[in-house]
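Here is how the chains run, residue by residue.
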Amino acid sequence: MKLFGAHLSPYFERVWLQLHLKGQTDAVDYPGVPGNALRSPEHLAHNPIGRIPYLELTEGEFLPEAQVIVEHFERLFPEPALRPADPPHAARVDLICRLLDLYVLPDMILAARLASQPDPDRAALGDTLRSIQSGIGYLEHFFAAQDWAVGDEPTLADCALIPFLFFAGLIQKSGGLDILADAPKLGAYRALIADTDLARTGFDNMARSLDQVRAAEAKARGQG
């Protein structure tokens, strides 16, 4: 199997962290993004949706959408289970992933891109941040972390939240805004898991990937 994408994508990193927790990262190859661009013909030939990650199950058979891939790996590699057996806990895991995907991550990716520009569009950034704050408010309302996001063991919810926290830190570093300032439960969770192996691994993966993207962009500007 091949998992296409890059660690800077919070959706790709969600899947990779799941494999990490299951001890299965070596069961999958990671070819990157075909053509090194999301709109490249090579990439779109595999996945016309144009997003990452996507999984090549067998030659020429592709599975898109991170949460669908995560569900596939839960069935393929059932141990350790990253969705709790307890139905209410399992529902909370699903809800966290759903809220992130619908109301937080799309705008967060855009905000991080805007904030990191040398001369960001402040109006566009402000609109995007307000949208993110609404989504974070929904997440904060339903959040009730214990040792981890749901219960006392890491779950798929943590695999989804750690990339979100990386982007929250990136926005704070680039734009000086702590988007969790009005979300005390999420802020406490961030402090609780910051030094765990799972969080450090995810943050390091995404930071290296960001450095690679910035180096490629600088090289392109130098050749322009």
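Description of the structure in this document. (Residues numbered from 1 in each chain as written. Predicted model: local features only at pLDDT ≥ 70, side-chain atom pairs only at ≥ 80, totals over all residues. Heavy atoms only, no water.)

Now for the side chain of T196. Looking at the element boundaries, T196 is found in the loop between helix 7 (184–193) and helix 8 (197–223). Side-chain polar atoms of T196 contact the backbone nitrogen of A199, separated by 3.2 Å. (Helix = DSSP H or I, 4+ residues; strand = E, 2+ residues; numbered from the N terminus. Polar contact = N/O pair within 3.5 Å; in protein donor to acceptor, adjacent residues only side chain to side chain.)

Turning our eyes to something else, we now look at the packing of aromatic side chains. Taken as a whole, this structure holds eight aromatic pairs when the rule is applied. Where F4 meets Y54, the ring centres are 4.7 Å apart and the plane angle is 10°; that geometry is what we call stacked. Highlighted residues: F4 in strand 1 (residues 2–4) and Y54 in strand 3 (residues 54–58), separated in sequence by 50 residues. Taking relative accessible area as the criterion, Y54 reaches 0% and is therefore assigned buried. Put simply, the rings of F4, Y54 and F62 touch in pairs and so form one group of aromatic residues. (Phe/Tyr/Trp six-rings, centres within 6.5 Å; stacked < 30°, edge-to-face > 60°. Buried < 20%, exposed > 50% of the residue type's maximum accessible area, 1.4 Å probe, protein only.)

With that settled, consider helix 7. Here helix 7 has its buried residues at L186, G187, Y189 and I193. All buried residues of helix 7 fall inside an arc of 160° around its axis, so they share one side. In this structure, helix 7 carries P184 and A191 as exposed residues pointing more than 90 degrees from its buried face. (Arc of directions from axis to C-beta.)

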